[in-house]
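Spelled out from the first residue to the last, the chains are:
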Amino acid sequence: ATMRPPRISRTSVLFIAGLAGVSAFRALSRTPHARRRPLLVARATDDDHVSIPRADFLAKVSSAAVALSTAAQQPAAASVAEPTASAVAKSVDPATARKILQIERLNVDSNVNGDKKKHLPQLTISGTKVECVVPHVMDPDKPHFIEFIWLKDDASDAIIAAKAFAPTDPSPPTLVATVKPGTTVVPVAYCNLHGLWIGGADVV
């Protein structure tokens with residue numbers, strides 16, 4: 001069988017490169033010629049150079065190599081916002097919550113694209129029952145539809161109810177939820193073509 005050469009990880013390559021650089025500069029510092037002439041490591045202006053002691057320079061190179069190796073071992077940060085207990089109610093589907101949190105993070109502007117009459121979410125409150133309706137036609141052909149409706153607690157900014165929709169769902173898209181008395185509710189909707197829409201807040 002053919003022997004394959006061993007695979008070297010990216011971390012090992014970076015670490016070995018750093019050690020090689022340190023060894024090279026240490027060898028250079030041991031030569032008489034290097035001791036007589038200062039090592040120029042940076043240009044301050046077009047006419048002047050700045051030199052630093054070799055011991056300090058070698059220490060900086062060594063620290064940089066270790067930092068580079070350590071950074072290569074760190075896992076990449078998650079690109080998708082994850083729901084947390086403080087940000088999302090337990091009754092909200094985790095998959096829906098993740099998508100909504102991502103939408104909130106990426107959409108800075110709201111109520112700026114599309115027809116206000118068709119996109120602005122509207123609240124109807126009866127006791128602890130809260131109904132949120134978006135007067136938008138669900139069009140599966142384009143498609144053009146409301147992807148999500150959710151309710152937020154104005155005080156804590158937490159998502160207290162949410163619902164995902166498909167283009168084939170009936171019009172108008174509606175979310176019904178039971179909310180704790182005294183909660184100031186903010187209705188929010190997201191259109192696949194016209195982005196984020198935030199309606200007026202009301203108290204349960």
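Quick notes on the rules
Residues numbered from 1 in each chain as written. Predicted model: local features only at pLDDT ≥ 70, side-chain atom pairs only at ≥ 80, totals over all residues. Heavy atoms only, no water. Salt bridge = Lys/Arg side-chain N within 4 Å of Asp/Glu carboxyl O. Helix = DSSP H or I, 4+ residues; strand = E, 2+ residues; numbered from the N terminus. Contact = heavy atoms within 4.5 Å. Pairing = 2+ DSSP bridges. Core = buried A, V, L, I, M, F, W, Y, C linked by side-chain atoms within 4.5 Å. Buried < 20%, exposed > 50% of the residue type's maximum accessible area, 1.4 Å probe, protein only. Axes fitted to C-alpha atoms, helices over the stretch in contact; angles between N-to-C directions.

Engineer: What is the right way to read the pattern of salt bridges from this model?
Structural biologist: Where charged atoms from two side chains of opposite charge approach closely, those side chains can pair. By the definition in use, this model includes two salt bridges. Between Lys-152 and Glu-104 there is a salt bridge; the shortest N-O distance is 3.0 Å. Of the two residues, Lys-152 is situated in strand S5 (residues 146-153) and Glu-104 in helix H4 (residues 94-106); the sequence distance between them amounts to 48 residues. For the salt bridge of Lys-152 with Asp-157, the shortest nitrogen-to-oxygen distance reads 3.2 Å. Within the structure, one salt-bridge network assembled from shared partners comprises Glu-104, Lys-152 and Asp-157.

Engineer: What should I look at first to understand the environment of Leu-196 in this one?
Structural biologist: Along the chain, Leu-196 turns up in strand S9 (residues 195-198). Along the sequence, Leu-196 and Asn-113 sit 83 residues apart, while their C-alpha atoms lie 8.4 Å from each other. Contact partners of Leu-196, with chain neighbours within four places excluded, come to Ile-103, Asn-107, Asp-109, Ser-110, Asn-111, Trp-150, Val-188, Ala-189 and Tyr-190.

Engineer: Explanation requested: the pairing of strand S4 (residues 129-133) in the structure shown.
Structural biologist: Here is the key point about a regular strand: its side chains alternate between the two faces of the sheet. Of the strand pairs in this sheet, strand S3 (residues 122-126) and S4 are connected by five bridges, and their pairing is antiparallel. Its bridge partner lying in S4, Leu-123 is registered against Cys-132. Two successive antiparallel strands, S3 and S4, enclose a turn made up of two residues, where Gly-127 displays a positive phi of approximately 65°.

Engineer: Where do I start with the nonpolar core in this structure?
Structural biologist: As a rule of thumb, soluble globular proteins bury nonpolar side chains together. Residues Ile-146, Ile-149, Leu-151, Leu-175 and Val-179 are the most contacted members of the largest nonpolar core, which totals 17 residues. Of all the secondary-structure elements, those providing two or more residues to this core are S4, S5, strand S7 (174-178) and strand S8 (184-191). Once residues within four sequence positions are removed from consideration, Leu-175 is found in contact with Val-130, Glu-131, Cys-132, Ile-149, Trp-150, Leu-151, Ala-161, Ala-162 and Lys-163. By size, the runner-up hydrophobic cluster in this structure holds 13 residues, among which are Val-92, Ala-97, Ile-103 and Trp-150.

Engineer: Got a minute to help me understand the sheet that holds S4 in this structure?
Structural biologist: Strand pairing in a sheet relies on backbone hydrogen bonds. The paired strands run either parallel or antiparallel. Strand order in the open sheet formed by three strands is S3-S4-S7, with antiparallel pairing between adjacent strands. Where the open sheet ends on each side, the last strands, each with one partner, are S3 and S7. Adjacent strand axes in the sheet meet at a mean angle of 15° when their direction is disregarded. Note that S4 and S7 share five bridges and pair antiparallel. Bridge pairing in S7 places Val-133 opposite Thr-174.

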